[in-house]
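Remarks on the overall topology
Chain by chain, the residues:
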Amino acid sequence: MTVDTPIKVQISKASALKLPEMAQEPLKTALENLNYLIRYHRPPLVDDCPMRSFGLTRGSTYVLPITPSADGLRYTFETRWIVLSAATQSVTVSVDSSDAYAGGATVWSNIFSQATTSAGAGTLTTQTKADQIIPADAEVLRYQISAPASGARDDHHFLVYPTPAATAAGRMAGSGAIPFDDGGLAHADEWPIHTEFINRCKVTAVAVLIDRWQRALSMLDEELTAGYTGPASDGWNEMPPVRCYLPFQGPEVNLEVFAIAQVTGGTTAVLRVGQVGGDSIELAATGQITGDTLTVKTKGTGAMTHADLRVQRYRTTGQTTYVNAISAYYIPGA
Amino acid sequence: MARQPSPKNYASADLSSAITDEATPAAEAMLLASADAWVVQAAITPYCGCARMFDSTTKVSANTEFDRYFAVVVAPGAVYGRMALSRAAIENSVWPGGWIFAHEAWTNDGGTTGNDVINLPTPMGSTFYRDLGYFGEQRDIKETSGTNDDNAPSDNVDRLFELQTSGIPTVEPCYVSKVAGVSLAVSHLVADLETL
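All values derive from a computational prediction rather than experimental measurement.

**Here we look at the overall build of chain B**
Across its full length, chain B carries one helix and ten strands. Along chain B, from the amino end to the carboxyl end, the secondary structure elements read α-β-β-β-β-β-β-β-β-β-β. The proportion of buried residues among the 196 residues of chain B is 49%. For chain B, the proportion of contacts with a sequence separation of at least 24, taken over those separated by at least 6, is 79%.

And the structure:
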């Protein structure tokens, strides 16, 4: 029995699907594409640009809610920053995870810590740390970025996407995905086309899609009271809207929204995340991860189908509201 | 005969029922095509275009504060993309000392210098990250061109962003300036999946 994982998606000719022969194909190609999908379906788990992170001569810490794969997959971390005023400065990126966020009392488990020397003054540095496992029960990541020895640093972007190992034969994964080995189809006696083979194409494709949530909204600032306060006045303040593309989806899509925010006093009902001209949800600023489901009505057509999202935050008179992170995920079919 | 991409609308699809409940179904074209389609559609349907909120509109000390470098993971089969730029500004009538600004943007595949850089002037006032409700505040979401597919432009005009076309997902480094948020849609897929 061999588990073949194609290095790219295999496309059967249209004619092969309309006039199938009495042979392994085109079903074998479809089944092998499941192995491809398990390995190469790579929607970002993290896709965050820090809110305002320029000219930093100190280290900075960001925490962001996540919902990783149930399969405990490997992920690749790409971190982008610029060191401004001195060439070849070393910056260390450390990433931790936790399954129970409790603010400053959180117990963290290290995923990796890696130093990278910048490309030169004012030049973008991209650090890639490949194939790091994020535990299936992790609910938050912490990024700690060190200060350069000399000069200032601009933090630009954090990107994390799944890069699982080559598909191995075995039982159903926690996500419900089942890899394909050719033991049945390639058997000398040519097993009959089995119901399970047909259905596995859909069951596993759907399992992979649903398991790897796709990042739909990101807003990130530093942790605790270093979070975003903005040029806010008392009461509700609405930040500039952003467009989330939901290609080919609709007419309604559910987004799972999470936030970490806190207040120095007053009401904790301080965050609204919603669709421009549509529904919104309210999340509490308790210092913990809070979340809810936002239903959006998509606009546009085809690849340009989208929903415009907005965030409003409230400030009680005499108090301060800190927004540390907002993340929303799209789950196909939700 | 080309095999055209047919991305799937999962919001209106039945994800839980089986393709067939027959014990030993015949290898009919409809069954095989359905089985094949579920997997290929999952592979080539573009990923959600993340809406990123941030402030690259406010200059405190350096022009580099207008820059934002990021990257997009692009699903197989992509050819072109479009960006949605969130803009925020103070009207010039309120702050006449300001300037009419222009956004610059690129994707790595399309080129990062010279005429490959898209230049998108805006009639808005001085770029500045503001909450709604401030006097003189204005903002909108601007989509880049959906029609100009010039891969060798003679000027840095608004056009479609080139993306890597591949049979596996790719990471596309991108840049944009003077915006309060950005997202990228894969607007054009290959005409024939067999070319991947």
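Don't stop here, the text continues.
**So, the sheet that holds strand S2 (residues 60-65) of chain A**
Residue and element names in this part refer to chain A. With antiparallel pairing, the four strands of this open sheet are ordered in space as S2-S7-S4-S5. A strand with exactly one partner marks an edge of an open sheet, and here the two such strands are S2 and strand S5 (109-117). Between one strand axis and the next, the sheet turns by 15° as a mean value, whatever way the strands run. Two strands pair when backbone bridges link them, and S2 and strand S7 (residues 140-145) are joined in this way by six bridges, in the antiparallel orientation. When the bridges of S7 are listed, Ser-60 appears paired with Ile-145.

**What to know about the interface of chain A and chain B**
Counting from both sides, the interface comprises 84 residues of chain A and, opposite them, 72 residues of chain B. Ranked by the residues each element gives to the side of chain A that touches chain B, the list is headed by helix H3 (residues 195-211) of chain A, at nine residues. Across the side of chain A that touches chain B, the residue classes break down as 52 nonpolar, 16 polar and 16 charged. Taken together, the three bridges between strand S9 (residues 214-220) of chain A and strand S1 (residues 51-53) of chain B define a ladder with parallel strand orientation. Bridge assignment links Leu-217 of chain A to a residue of S1 of chain B, and that residue is Ala-51 of chain B.

**Examining the packing of helix H2 (residues 27-40) of chain A against helix H1 (residues 29-44) of chain B**
Where H2 of chain A contacts H1 of chain B, the axes come no closer than 9 Å and their chain directions differ by 25°. Relative to H1 of chain B, the element H2 of chain A lies roughly parallel. Note that H2 of chain A runs across H1 of chain B; the crossing there is left-handed. Of the residues in H1 of chain B, those in contact with Leu-27, Ala-30, Asn-33, Leu-34, Tyr-36 and Leu-37 of chain A of H2 of chain A are Leu-32, Ala-35, Asp-36, Val-39, Val-40, Ala-42 and Ala-43 of chain B. Its residues assigned to classes, the contact of H2 of chain A with H1 of chain B comprises eleven nonpolar, one polar and one charged.

**Some thoughts on H1 of chain B**
Compared with an ideal rise of 1.5 Å per residue, which puts 16 residues at 22 Å, H1 of chain B spans 22 Å between its outermost C-alpha atoms and is within 8% of the ideal. Three or more residues of H1 of chain B are buried, namely Leu-31, Leu-32, Ala-35, Asp-36, Trp-38, Val-39, Val-40, Ala-42, Ala-43 and Ile-44 of chain B. In this structure, the buried side of H1 of chain B is in contact with helix H1 (14-18), H2 and H3 of chain A together with strand S10 (181-189) of chain B.

**Some details on unusual backbone geometry**
Cis geometry marks the peptide bond from Gly-250 of chain A to Pro-251 of chain A, where omega comes out at 10°. Tracing the sequence through the fold places Pro-251 of chain A in the loop between strand S11 (242-245) and strand S12 (252-263). In this model, Leu-224 of chain A sits at a positive phi of 55°, which is unusual for a non-glycine residue. With respect to the helices and strands, the residue Leu-224 of chain A is situated in the loop between S9 and strand S10 (235-238). Phi angles above zero are rare outside glycine, and Lys-178 of chain B is one such case at about 60°. You can see Lys-178 of chain B is positioned in the loop between strand S9 (170-177) and S10.

**Considerations on the nonpolar core**
Formed by 146 residues in total, the largest nonpolar core has its most connected members in Leu-37, Ala-205, Ala-216 and Cys-244 of chain A together with Val-39 of chain B. In this structure Val-39 of chain B touches Ala-30, Asn-33, Leu-34, Leu-37, Cys-201 and Ala-205 of chain A, once residues within four positions along its chain are discounted.

**Considering the packing of H3 of chain A against H1 of chain B**
Where H3 of chain A contacts H1 of chain B, the two axes come as close as 8 Å, and the packing angle between them is 15°. What the angle tells us is that H3 of chain A and H1 of chain B run roughly parallel. The handedness of the crossing between H3 of chain A and H1 of chain B is left-handed. Note on element contacts: H1 of chain B touches H3 of chain A through Leu-31, Ala-35, Trp-38, Val-39 and Ala-42 of chain B, opposite Ile-198, Cys-201, Lys-202, Ala-205, Val-208 and Leu-209 of chain A. The residue inventory of the contact of H3 of chain A with H1 of chain B, partitioned by class, reads ten nonpolar, no polar and one charged.

About the thresholds
- Here the residue index of a chain counts from 1 through its sequence in written order.
- Following the order in which they are written, the chains are lettered starting with A and the ligands numbered starting with 1.
- Under the rules for a predicted model, residues below a pLDDT of 70 receive no local features and side-chain atom pairs below 80 are neither given nor counted, while totals for whole chains, interfaces and linings still include all residues.
- Only DSSP runs of H or I reaching four residues or more are called helices, and only runs of E reaching two or more are called strands; each is numbered from the N terminus.
- Neighbour density around each residue's C-beta defines its exposure: 20 or more other C-beta atoms within 10 Å make it buried, 12 or fewer make it exposed, and counts between make it partly exposed, where C-beta atoms are placed from the backbone.
- A residue pair is marked as a contact if its C-beta atoms, positioned from the backbone, fall within 7 Å.
- In short, DSSP must find at least two bridges between two strands for them to pair.
- To obtain an axis, a line is fitted to C-alpha atoms, over the contacting stretch when the element is a helix, and the angle between two such axes runs from 0 to 180 degrees between their N-to-C directions.
- Three classes are used: nonpolar for Ala, Val, Leu, Ile, Met, Phe, Trp, Tyr, Cys and Pro, charged for Asp, Glu, Lys and Arg, and polar for all others, with Gly counted as polar.
- Here the angle decides the label: under 35 degrees means roughly parallel, over 145 means roughly antiparallel, 65 to 115 means roughly perpendicular, and every other value means oblique.
- Each crossing gets its hand from how the near helix is turned against the far one by less than a right angle, where anticlockwise is left-handed and clockwise is right-handed.
- Under the convention used throughout, the expected extent of a helix is 1.5 Å for every residue step, that is, one less than its residue count.
- Note on terminology: a nonpolar core is any set of buried Ala, Val, Leu, Ile, Met, Phe, Trp, Tyr and Cys residues joined through C-beta atoms within 7 Å.

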